[in-house]
Amino acid sequence: MMDALAKLGRGALDFFERLGRGHLFLMYVLAGSPPLLLRLRLWTQQMYSVGVLSLLIVAVAGLFVGMVLGLQGYNTLVDFGSEESLGVMVALSLVQELGPVLAAVLFAARAGTSLTAEIGLMKTTEQLSGMEMMAVDPLQRVIAPRFWASFVSVPLLAAIFSAVGVFGGYFVGVGLLGVDDGAFWSQIQSRVDFHEDVMNGVIKSVVFGFVAAWIALFEGYDAVPTSEGVARATTRTVVHTSIAVLGLDFVLTALMFD
Amino acid sequence: MLDKNTHPDDVVVKVRDLVFSRGSRRIFNGVDLDIRRGQVTAIMGPSGTGKTTLLKLIGGQLRPERGTIEVEGQNVAQLSRRKLFELRKRMGMLFQSGALLTDLNVYDNVAFPIREHTNLPESMIRDLVLMKLEAVGLRGARGLMPSELSGGMARRVALARAVALDPMMIMYDEPFTGQDPISMGVLVQLIDRLNHALSLTSIVVSHDVAETSAIADYIYVLSDGKVVDHGTPEALGRSQSQWVQQFMQGLPDGPVPFHFSAPPYGEDLLAGGKG
Ligand SMILES: Nc1ncnc2c1ncn2[C@@H]1O[C@H](COP(=O)(O)OP(=O)(O)OP(=O)(O)O)[C@@H](O)[C@H]1O
Ligand SMILES: [Mg+2]
């Protein structure tokens, strides 16, 4: 009994200590970011490896999700004779929910894991210590460019996800199931509000981008410097990002419905 | 030019009453030592006594539990991050593992500190890098990636990188390990030349008693968290301490234990499956 309590206590302490380290880490990264403005090349390189290389998986996933939405939506809407609203339904689902959430989760799986593993291995092989001894701050030189690249990539990927998804829905709805072409687009145009709907989606994906970048890099930086430690950190990146994104999605949605 | 004899009191690194633990294990328990400017000071001791740890403490990567470490009069543990980085620009360190950046080739690894800390034009960086690589005999390997180097080569590249910014002090963590006799000889000469020609200050951590004695001006022997003896190589060679004699001559029997501390062997074998 006492053992279990002690274990619980230690677990809680570890948790809060890690949380504290995570916030300190974030503070140092943000504080170390301004010099990056003078070295945009470091950032663009990372934009390529985390952003551009995630493009294909995000586009393919977006297409399939849009197509499924088209099918499901049509089956429901056709019973009420309102299949012209298919476009709105597909677009709203994507822009407000599925785009930001799935893009962030896919990002964690595609780019977050490799960031964690990369940073974790650099730590394991003393490359980060080596930089520190050369008076180069790895938080500035290695982490900050990756942080901003991830932060910017996620909203862009979410936008691409949604855009491709709408075409997926169009392809199924209009192309295969015979929904009226003009109605599909004009309904989207008239009923998707830029401020209410699109901006809410953008805010979400910005928040998710921040969280996904933070988790992936912190897990790598804080990894136990062994092969097993890096492996666990990589897994944690996906698990923690997914849970954080889904949880935050609920919170943000609740706030936005106010 | 500074000569090792003109400033006998010019201490670059001053360690006083250093106490440091890893978990519950005391690594240092009251260590005092002085590293003098312009000299090669060797730190020797059995594997696992904390030589690497000592270098990390001097470099400010670890903080002492008690006691002070001063580098050029500044207490390393109390420097702000910015001041510490300023200080590190003037310290080179050769890591035991090399610690090369694996996504850069040999040339870019050596150029890395120069590019980070100066605004030199690329043509000048090229000259500097090739000079440093030539000194370690690896000018021809500049295009290779770290994964394509042997352990000994990687360490020489790391050495070239450590001296790239012409620091005032260099810490070498086991520079001779994994070198064949020829490159070993070249490295010994290189360290000696760097030090005495450029009046750098060097700290060499090594197990190679003969090579180290040949270039060291002063030797500290560490064991069990303490300095067991120190002096010039000649003085240590004549040391009365059995311990130092055993270590310097590499004899298997004597007061230096070869084993990491453990319960008696027989007892351990009889303990069966209890851990
Ligand atoms: N990260 C760490 N965590 C816990 N203990 C450590 C860590 N690094 C080193 N130690 C312990 O500290 C002691 C000193 O290690 P250190 O690497 O300084 O030894 P060393 O004298 O450089 O040995 P070697 O000559 O084999 O390189 C070792 O006994 C080791 O068990
Ligand atoms: Mg060592």
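The shown structure was predicted, so the numbers you read here are calculated from the model rather than taken from an experiment.

**Digging into the interface of chain A and chain B**
Then step 1. The interface of chain A with chain B comprises 17 residues on the first partner and 21 residues on the second.
Then step 2. Regarding the contact of chain A and chain B, the summed buried area is about 1,800 Å², with carbon and sulfur atoms giving 57% of it.
Then step 3. On the surface where chain A and chain B come into contact, there are 4 salt bridges.
Then step 4. We note a salt bridge from arginine 39 of chain A to glutamate 116 of chain B, for which the minimum N-O separation is 3.1 Å.
Then step 5. Residue assignment for the side of chain A that touches chain B shows that the elements contributing at least two residues are helix H5 (127–133) and helix H6 (138–176) of chain A.
Then step 6. With 6 residues, the top contributor of residues to the side of chain A that touches chain B is H5 of chain A.
Then step 7. Looking at side-chain class alone, the side of chain A that touches chain B contains 8 nonpolar, 4 polar and 5 charged residues.

**Considerations on the coordination of the magnesium ion (ligand 2)**
By definition of the ideal shapes, a tetrahedral metal site with four donors has angles of 109.5 degrees and an octahedral site with six donors has angles of 90 or 180 degrees.
Residue and element names in this part refer to chain B.
Then step 1. The protein atoms donating to the magnesium ion (ligand 2) are Thr52 (OG1) and Gln96 (OE1), with metal-donor distances spanning 1.9 to 2.3 Å. Of this pair, threonine 52 sits in helix H1 (residues 51–58) while glutamine 96 is found in the loop between strand E6 (91–94) and helix H3 (106–117), placing the two residues 44 residues apart along the sequence.
Then step 2. Exposure remark for glutamine 96: the relative accessible area of 32% places this residue in the partly exposed category.

**Notes on H3 of chain B**
Then step 1. Within H3 of chain B, 9 of the 12 residues are buried, which leaves the element mostly enclosed by the surrounding structure.
Then step 2. All buried positions along H3 of chain B are accounted for by Val106, Tyr107, Asn109, Val110, Ala111, Phe112, Pro113, Ile114 and Glu116 of chain B.
Then step 3. Where H3 of chain B is buried, its residues contact H5 and H6 of chain A together with helix H4 (122–135) and helix H5 (151–162) of chain B.
Then step 4. One side-chain oxygen at the N-terminal end of H3 of chain B lies 3.2 Å from the backbone nitrogen of tyrosine 107 of chain B; it belongs to asparagine 105 of chain B.

**Observations concerning the packing of aromatic side chains**
Given two aromatic rings, their pairing is described by the distance between the two centres and the angle made by the two planes.
Then step 1. For the coordinates displayed, the defined rule picks out 14 aromatic pairs over all chains.
Then step 2. A connected cluster of aromatic rings, assembled from ring pairs, spans Phe147, Trp148, Phe151, Phe210 and Trp214 of chain A.
Then step 3. One residue, arginine 81 of chain B, lies across the ring of tyrosine 28 of chain A, its end atom 5.0 Å from the ring centre.

**What to know about the sheet that holds E6 of chain B**
All names here are of chain B.
Then step 1. Here 6 strands make up an open sheet; going across it, the order is E6-E7-E8-E3-E9-E10 and the pairing mixed. At either margin of the open sheet sits one strand with a lone partner, and together these are E6 and strand E10 (226–231). Taken over all neighbouring pairs, the strand axes of this sheet differ in orientation by 15° on average, direction set aside.
Then step 2. As paired elements, strand E3 (residues 40–44) and strand E8 (residues 201–205) share 4 bridges and run parallel to each other. The residue bridging valine 40 from the neighbouring strand is serine 202, located in E8.

**Regarding the site of ligand 1**
Residue and element names in this part refer to chain B.
Then step 1. The full set close to ligand 1 counts 13 residues, and Arg25, Ser47, Thr52, Thr53 and Gln96 are the nearest of them.
Then step 2. In the environment of ligand 1, a nitrogen atom lies 3.5 Å from a nitrogen or oxygen atom belonging to the side chain of arginine 22.
Then step 3. Arginine 25 is positioned such that a nitrogen or oxygen atom in its side chain is 2.4 Å from an oxygen atom of ligand 1.
Then step 4. For ligand 1, whose unbound accessible area comes to 640 Å², protein coverage reaches 64%.
Then step 5. Those elements giving two or more residues to the shell around ligand 1 turn out to be strand E2 (25–36) and H1.
Then step 6. Looking at the shell around ligand 1 element by element, the count peaks at 3 residues for H1.

**Remarks on the environment of alanine 109 of chain A**
Then step 1. As for its position among the elements, alanine 109 of chain A is in helix H4 (residues 86–124).
Then step 2. The spatial distance from the C-alpha of alanine 109 of chain A to the C-alpha of serine 162 of chain A is 18 Å, given a sequence separation of 53 residues.

**What to know about the packing of helix H3 (residues 55–79) of chain A against H6 of chain A**
Residue and element names in this part refer to chain A.
Then step 1. For the pair H3 and H6, interaxial distance at closest approach is 6 Å and the crossing angle is 40°. Accordingly, the angle class assigned to the pair H3 and H6 is oblique. Handedness of the H3/H6 crossing: right-handed. When H3 is examined against H6, the residues Leu55, Val58, Ala59, Ala61, Gly62, Leu63, Val65, Gly66, Met67, Gly70 and Leu71 are found in contact with a partner set consisting of Leu157, Ile160, Phe161, Val164, Gly165, Gly168, Gly169, Phe171 and Val172.
Then step 2. Taken together, the residues that form the contact of H3 with H6 break down as 14 nonpolar, 6 polar and no charged.

**Some points on the side chain of aspartate 34 of chain B**
Residues and elements named next belong to chain B.
Then step 1. Within the element layout of this structure, aspartate 34 appears in strand E2.
Then step 2. We classify aspartate 34 as buried; its relative accessible area is 16%.
Then step 3. Within the structure, the side chain of aspartate 34 is placed 3.1 Å from the side chain of arginine 16, a separation counted as a polar contact.
Then step 4. Setting aside its immediate chain neighbours within four residues, aspartate 34 contacts Val11, Val13, Lys14, Arg16 and Tyr220.

Definitions and limits used
- Residues numbered from 1 in each chain as written.
- Chains lettered and ligands numbered in written order.
- Predicted model: local features only at pLDDT ≥ 70, side-chain atom pairs only at ≥ 80, totals over all residues.
- Heavy atoms only, no water.
- Contact = heavy atoms within 4.5 Å.
- Buried area = accessible area lost by both parts, 1.4 Å probe.
- Salt bridge = Lys/Arg side-chain N within 4 Å of Asp/Glu carboxyl O.
- Helix = DSSP H or I, 4+ residues; strand = E, 2+ residues; numbered from the N terminus.
- Nonpolar A, V, L, I, M, F, W, Y, C, P; charged D, E, K, R; others polar.
- Donors = N, O, S within 2.8 Å, 3.2 Å for Na, K, Ca; no water.
- Buried < 20%, exposed > 50% of the residue type's maximum accessible area, 1.4 Å probe, protein only.
- Polar contact = N/O pair within 3.5 Å; in protein donor to acceptor, adjacent residues only side chain to side chain.
- Phe/Tyr/Trp six-rings, centres within 6.5 Å; stacked < 30°, edge-to-face > 60°.
- Lys NZ or Arg CZ within 6 Å of the ring centre and 35° of its normal.
- Pairing = 2+ DSSP bridges.
- Axes fitted to C-alpha atoms, helices over the stretch in contact; angles between N-to-C directions.
- Near = heavy atom within 4 Å.
- Areas by Shrake-Rupley, 256 points an atom, 1.4 Å probe, with all protein chains shown as cover.
- Parallel < 35°, antiparallel > 145°, perpendicular 65-115°, else oblique.
- Left-handed = near helix turned anticlockwise from the far one by under 90°.

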